[in-house]
Amino acid sequence: MSDYFDVGSFKKKKSGGAYFVRLGSAKQRDDGGFTCWLDAMPSPGESGQYEIQIVPRRDRAAAKPREEMNDPIPF
């Protein structure tokens, strides 16, 4: 098991669901704590506080690629 984690925040969709926005990485230290490296900051939640989650790192190689659009529009 990797001792690296993803750091992110969950954003609400208009449809009522939520999605994870990756903000950086974290590494678990020998004392059980975490060191976090943020590439971005989340927006404050409804309470005015910033909330981040540390979650197990996702296997990006196994992620499903997005389907290409077959539009004749050149952009």
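From a predicted model like this one, the values you see are computed outputs, not experimental measurements.

It is a general feature of regular strands that their side chains alternate between the two faces of the sheet. The pairing of strand 1 (residues 4-12) with strand 2 (residues 18-28) spans nine bridges and is classified as antiparallel. In the sheet register, Tyr4 faces strand 2, and the bridge partner there is Lys27. Hairpin connection, strand 1 to strand 2: the antiparallel pair is bridged by five residues, and Gly16 has positive phi, about 105 degrees. Bridging between strand 2 and strand 3 (residues 34-38) involves five bridges; their strand directions are antiparallel. Within the sheet, the bridge partner assigned to Gln28 lies in strand 3 and is Phe34.

So, on to a nonpolar patch on the surface. The grouping of Leu38, Met41, Tyr50 and Ile52 at the surface amounts to a nonpolar patch, some 420 Å² of accessible area in total. By relative accessible area, which is 37% here, Leu38 ends up partly exposed.

Scanning all chains against the criterion turns up two aromatic pairs. Geometrically, the ring pair formed by Phe5 and Phe34 is edge-to-face, given 5.3 Å between the ring centres and 80 degrees between the ring planes. In this pair, Phe5 sits in strand 1 while Phe34 sits in strand 3, placing the two residues 29 residues apart along the sequence. Phe5 sits in the buried class, given a relative accessible area of 9%.

Cut-offs applied
- Residues numbered from 1 in each chain as written.
- Predicted model: local features only at pLDDT ≥ 70, side-chain atom pairs only at ≥ 80, totals over all residues.
- Heavy atoms only, no water.
- Pairing = 2+ DSSP bridges.
- Helix = DSSP H or I, 4+ residues; strand = E, 2+ residues; numbered from the N terminus.
- Patch = residues over 30% accessible without salt bridge, like charges linked within 9 Å, V, L, I, M, F, W, Y side chains within 5 Å.
- Areas by Shrake-Rupley, 256 points an atom, 1.4 Å probe, with all protein chains shown as cover.
- Salt bridge = Lys/Arg side-chain N within 4 Å of Asp/Glu carboxyl O.
- Buried < 20%, exposed > 50% of the residue type's maximum accessible area, 1.4 Å probe, protein only.
- Phe/Tyr/Trp six-rings, centres within 6.5 Å; stacked < 30°, edge-to-face > 60°.

Any link to function would need more than the numbers given here.
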